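# Residue-level structure breakdown
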Amino acid sequence: MNTLENILIIAGISLDVFASMEIQGAMLQKVNKKTLLVVSAIVSLLQLMFFFGGYAAGYGIDRAGVWRNASWVGYILDTIIFALLGSRLIVKGIRREFVDETRSVITVKQYAKIIAVTTVYTLFAGCAYGLVGTHVIIMLALIVLFSFIVVISGLYAGYHFGFEGKTVVYVVGGIILWVAGAEILITNVLVR
């Protein structure tokens, strides 16, 4: 996969984390900077663990020779995964779930629970990447960079402006994933 596809995919997945952090930021009495750094590190670690776990599974399938043309299958899976993830984000944005907005203090454990659900999608993306054979160093850097950015910016956006922006963030994240999936489909599947 090329750099543009990698950035679009990680950005789209990360916007789900941003929206989750925005909701939590809206409910904070005060931002604890130490907790925020720990949460950012935990999110990065979770994203990396799930991505590379999925990557190892995809890479193992590729090396085992389960499919004759594993990279083509990986591109097809990428397209399907990102179309489904994009649809999920758009549905989350449109659904407008009720959020009980009360000011409180949130622990690192509570943040980790919120983010753990999102990392499952990173697992699927990692599996598809493993089939395709993407350079892992680039993905490592992108995941860490985006994780820190979205956790900190999402929390502060929610803290200062509330959580109403989450709808737009979910829809934009979904559209980005659709664009990434379409770009993968056009450049890697239909061209062959």
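Because the structure is predicted, anything quoted here is derived from the model rather than measured. (Residues numbered from 1 in each chain as written. Predicted model: local features only at pLDDT ≥ 70, side-chain atom pairs only at ≥ 80, totals over all residues. Heavy atoms only, no water.)

## Some details on the overall build of the protein chain
- Along the backbone of the protein chain there are six helices and zero strands.
- N-terminal to C-terminal, the α/β element order of the protein chain is α-α-α-α-α-α.
- The buried share of the protein chain, reckoned over its 192 residues, is 49%.
- When the accessible surface of the protein chain is summed, it comes to about 9,400 Å², and 71% of that surface belongs to carbon and sulfur atoms. (Helix = DSSP H or I, 4+ residues; strand = E, 2+ residues; numbered from the N terminus. Buried < 20%, exposed > 50% of the residue type's maximum accessible area, 1.4 Å probe, protein only. Areas by Shrake-Rupley, 256 points an atom, 1.4 Å probe, with all protein chains shown as cover.)

## Focus: the nonpolar core
- Counting 44 residues, the largest nonpolar core has I9, I13, F82, Y129 and V151 as its most contacted members.
- For this core, the secondary structure elements donating two or more residues are α1 (3–26), α2 (33–64), α3 (70–95), α4 (108–132), α5 (136–161) and α6 (166–190).
- Residues within four places of F82 in sequence aside, it is in contact with I9, I13, A125, Y129, L177, W178, G181 and I184. (Core = buried A, V, L, I, M, F, W, Y, C linked by side-chain atoms within 4.5 Å. Contact = heavy atoms within 4.5 Å.)

## Some remarks on the packing of α3 against α6
- Across the interface, α3 lies against α6 with an axial gap of 7 Å and an inter-helix angle of 160 degrees. The orientation of α3 relative to α6 falls into the category roughly antiparallel. When the axes of α3 and α6 are compared, the crossing they make is left-handed.
- When the residues that make up the contact of α3 with α6 are grouped by side-chain class, the tally is 16 nonpolar, nine polar and two charged. (Axes fitted to C-alpha atoms, helices over the stretch in contact; angles between N-to-C directions. Parallel < 35°, antiparallel > 145°, perpendicular 65-115°, else oblique. Left-handed = near helix turned anticlockwise from the far one by under 90°. Nonpolar A, V, L, I, M, F, W, Y, C, P; charged D, E, K, R; others polar.)

## What about α1?
- The end-to-end C-alpha distance of α1 is 33 Å, a good match for the 34 Å that 24 residues give at a rise of 1.5 Å each.
- In terms of burial, α1 is a largely internal element, 21 of the 24 residues being buried. (Expected span 1.5 Å × (residues − 1).)

## Some thoughts on the confidence of the model for the protein chain
- Looking at the protein chain, pLDDT values average 79 and 86% of them are 70 or higher.
- When mean pLDDT is taken per element in the protein chain, α2 scores highest with 86 and α4 scores lowest with 73. (pLDDT = per-residue confidence, 0-100.)

## Focus: the packing of aromatic side chains
- Throughout the structure, instances matching the rule amount to five aromatic pairs.
- Taking 6.4 Å as the distance between ring centres and 65 degrees as the angle between the ring planes, the aromatic pair formed by F52 and Y55 counts as edge-to-face. In this pair, F52 and Y55 both sit in helix α2, three residues apart, roughly one turn of the helix.
- Of the residues examined, Y55 reaches a relative accessible area of 12% and is grouped as buried.
- Following the ring pairs from residue to residue traces out a cluster consisting of F51, F52, Y55, Y59 and Y129. (Phe/Tyr/Trp six-rings, centres within 6.5 Å; stacked < 30°, edge-to-face > 60°.)

## Details of a nonpolar patch on the surface
- Side chains of V66, W67 and L77 sit close together on the surface and give an oily, nonpolar patch of about 260 Å² of accessible area.
- Here L77 lies in helix α3.
- Given a relative accessible area of 30%, L77 falls into the partly exposed group. (Patch = residues over 30% accessible without salt bridge, like charges linked within 9 Å, V, L, I, M, F, W, Y side chains within 5 Å. Salt bridge = Lys/Arg side-chain N within 4 Å of Asp/Glu carboxyl O.)

## Side note on the environment of A83
- With respect to the helices and strands, A83 occurs in helix α3.
- Overall, the relative accessible area of 32% leaves A83 in the partly exposed class.
- Placed 93 residues apart in sequence, A83 and I176 show a C-alpha to C-alpha distance of 9.8 Å.

## Description of the side chain of S44
- Structurally, the position occupied by S44 is in helix α2.
- The exposure class assigned to S44 is buried, which follows from its relative accessible area of 4%.
- Apart from the residues within four sequence positions on either side, S44 is in contact with I143, V144, S147 and F148.

## Side note on the environment of E5
- Following the sequence through the fold, E5 ends up in helix α1.
- Accessibility expressed as a relative area gives 1% for E5, which makes it buried.
- C-alpha of E5 to C-alpha of L177: the two residues are 172 residues apart in sequence and 9.5 Å apart in space.
- If we ignore the near neighbours within four places in the chain, the residues touching E5 are Y129, E183, I184, T187 and N188.

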